[in-house]
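Understanding the architecture of this molecule
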Amino acid sequence: MREFKRDIKKLVIKVGSSSITHEDGAANLEKIDDLCFELANLKNHGIDVVLVSSGAIAVGRKKLNLKERPKETSVKQAAAAVGQVSLINIYDRTLNHYGYSTAQILLTRQIETDRTMYENAVNTFDNLAHLPAIPIVNENDTISTFEIKFGDNDTLSAIIAKIVNADLLIMLSDIDGLYTDDPRTNSGAKLIKTVDNIESVIDFAKETNSERGVGGMSTKINAAKMCLEKNIDVVIANAKDFKIIRQIMKGDEVGTYFTR
């Protein structure tokens, strides 16, 4: 059994686009329902949970009948504007079914340099923690410029973990965790269950080829490094079945656990 350094009272969960959408970008309603059940169950157990969710551009692409993920920034922003509305409405309807409201929070990297913005975010998260609501965070793609973009939600999730002083960040994607090599091309690659020296695994990072997401293992390792600097543990695991969240919370040795 895995033992975390401290009791998990504040938790940030990040899910990628491929975890909650189909190949064509349409929202995967079954997966979102499963995810919302897990979020509500955590909240029922007195755990303050924040979800960082990708998927707006993918869902917007489907709604706008675009054949592939847009490459031009302006088209991405248009798709995000449409997709974010659709996605948050699905989350809200589903979480309402489990007794909670959805609090939408859209951020840019400016939050790291603007002290007033940062303090407002801290206050918002603090108040939401005591209310029957679950914050769902995404990058504000529609107004982000290159200078203030996170670029990926792995980085955003680490920043949110620091803002809320989380005990644990769980990053869920389409891979079981960190391997010694890319398991999709090397059948001999081994899953690394625990990393207690993050510098030793930097070379194992691989980028993604997904059409629906932008964050590869490199961004996840960088996000983990950001969290460890603030004594926040991290688990990277597979989102194939969102019951893995409760497995992680029980201490099952699934995914890759980053600690120091």
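Since the structure is predicted, the reported quantities are computational estimates derived from the model, not experimental observations. (Residues numbered from 1 in each chain as written. Predicted model: local features only at pLDDT ≥ 70, side-chain atom pairs only at ≥ 80, totals over all residues. Heavy atoms only, no water.)

**Details of the UniProt feature "binding site: substrate" (unreviewed entry) in the protein**
In the numbering adopted here, UniProt assigns the feature "binding site: substrate" (unreviewed entry) to S54, D141 and N153. The largest pairwise C-alpha distance within this set of annotated residues, which runs over 100 residues, is 11.2 Å, so the set is compact in three dimensions. Along the chain, the position of S54 falls in the loop between β2 (48–53) and α3 (56–63). Accessibility expressed as a relative area gives 12% for S54, which makes it buried. If sequence neighbours within four positions are ignored, S54 has contacts with K14, V15, G16, S17, I20, L87, N138 and N153. As for its position among the elements, N153 is in helix α6 (residues 153–163). By relative accessible area, which is 8% here, N153 ends up buried. Polar side-chain contacts of N153 include one of 3.0 Å to the side chain of S54. (UniProt positions renumbered as here; feature names shortened; annotations may be inferred. Helix = DSSP H or I, 4+ residues; strand = E, 2+ residues; numbered from the N terminus. Buried < 20%, exposed > 50% of the residue type's maximum accessible area, 1.4 Å probe, protein only. Contact = heavy atoms within 4.5 Å. Polar contact = N/O pair within 3.5 Å; in protein donor to acceptor, adjacent residues only side chain to side chain.)

**Observations concerning the packing of helix α5 (residues 115–128) against α6**
Across the interface, α5 lies against α6 with an axial gap of 10 Å and an inter-helix angle of 75°. Here α5 is positioned roughly perpendicular relative to α6, judged by the angle of their axes. Mapping the contact onto sequence places Y118, A121, V122 and F125 in α5 and I160, K162 and I163 in α6. (Axes fitted to C-alpha atoms, helices over the stretch in contact; angles between N-to-C directions. Parallel < 35°, antiparallel > 145°, perpendicular 65-115°, else oblique.)

**Describing the environment of Y118**
Along the polypeptide, Y118 turns up in helix α5. The partly exposed category is assigned to Y118, whose relative accessible area is 22%. Sequence spacing of Y118 and S157 is 39 residues, and the spatial spacing of their C-alpha atoms is 15 Å. When neighbours within four sequence positions are excluded, Y118 is seen to be in contact with I111, K162 and I163.

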